[in-house]
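Residues per chain, in single letters:
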Amino acid sequence: MKILFKNAKALAQGLMDNGLDIVGGMTENHLMTLDLRKTGKTGKDMANVLEVVGITANKNTVPNDPQSPFVTSGIRLGTPAVTTRGFKEEDMTEVAKIIAGAIYASDNEQGLKNLRERSMKLCQKHPLYA
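All of the points below concern the structure found in this document. (Residues numbered from 1 in each chain as written. Predicted model: local features only at pLDDT ≥ 70, side-chain atom pairs only at ≥ 80, totals over all residues. Heavy atoms only, no water.)

## Thoughts on the packing of helix 4 (residues 89-104) against helix 5 (residues 109-125)
- Look at helix 4 against helix 5: their axes get within 10 Å of each other, and the N-to-C directions meet at 160°. Taken together, the axes of helix 4 and helix 5 are roughly antiparallel relative to one another. Our pair here, helix 4 against helix 5, has a crossing hand that is left-handed. Counting all contacts with helix 4, which are made through Asp-91, Glu-94, Val-95, Lys-97, Ile-98, Gly-101 and Ala-102, the residues of helix 5 involved are Leu-112, Leu-115, Arg-118, Ser-119, Leu-122 and Lys-125.
- Its residues placed into classes, the contact of helix 4 with helix 5 shows six nonpolar, two polar and five charged. (Axes fitted to C-alpha atoms, helices over the stretch in contact; angles between N-to-C directions. Helix = DSSP H or I, 4+ residues; strand = E, 2+ residues; numbered from the N terminus. Parallel < 35°, antiparallel > 145°, perpendicular 65-115°, else oblique. Left-handed = near helix turned anticlockwise from the far one by under 90°. Contact = heavy atoms within 4.5 Å. Nonpolar A, V, L, I, M, F, W, Y, C, P; charged D, E, K, R; others polar.)

If you want it as structure tokens, here you go:
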């Protein structure tokens, strides 16, 4: 369980280092909610964009969310699946960069393609069954 929390903290810190906000300022477990309000993006849209780059996330409300629960202003992220695959803290830093890149370049098709390649490279580094 210890590595799970280390990975979550590395992901949260990486996202904050890339200018994004975590609800509550950090995570105390393997889950976190990313507040997208200052980016002008919605949780629904960003969950779909992240799917394009190979990352699964769920739209999620944030405290005092101005969006409806069907759209949301946040996304929920977790680390159990990638930790099970063998991802380490340095991998989580790369995942944070990919997520931030997808959020900031969500309208750039070539940029999203490059981010997907980076995501797939991490998955190849840590295959499902080794």
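## Regarding the nonpolar core
- Residues Leu-11, Leu-15, Leu-34, Leu-77 and Ile-99 are the most contacted members of the largest nonpolar core, which totals 30 residues.
- Secondary structure elements with two or more residues in this core: helix 1 (2-17), strand 2 (31-35), helix 2 (43-52), strand 4 (74-78), helix 4 and helix 5.
- Top element by residues in this core is helix 4. It accounts for eight residues.
- Contacts of Ile-99, omitting those with residues within four sequence positions, involve Leu-11, Leu-15, Leu-34, Leu-50, Ile-55 and Leu-77. (Core = buried A, V, L, I, M, F, W, Y, C linked by side-chain atoms within 4.5 Å. Buried < 20%, exposed > 50% of the residue type's maximum accessible area, 1.4 Å probe, protein only.)

## Thoughts on the pattern of salt bridges
- A full pass over the atoms with the stated rule returns four salt bridges.
- The residue Arg-37 makes a salt bridge to Asp-35 at a minimum N-O spacing of 2.6 Å.
- Classification of Arg-37 as partly exposed rests on a relative accessible area of 37%.
- Judged by its relative accessible area of 9%, Asp-35 is buried.
- Residue Lys-125 pairs with Asp-91 through a salt bridge whose shortest N-O separation is 2.8 Å. Placement of the pair is Lys-125 in helix 5 and Asp-91 in helix 4, with a sequence separation of 34 residues.
- Judged by its relative accessible area of 2%, Asp-91 is buried. (Salt bridge = Lys/Arg side-chain N within 4 Å of Asp/Glu carboxyl O.)

## Digging into the environment of Ser-73
- Mapping Ser-73 onto the fold places it in the loop between strand 3 (58-60) and strand 4.
- Residue classification places Ser-73 among the buried positions, given a relative accessible area of 3%.
- Each C-alpha atom of the pair Ser-73 and Thr-39 lies 9.6 Å from the other, and the pair is 34 residues apart in sequence.

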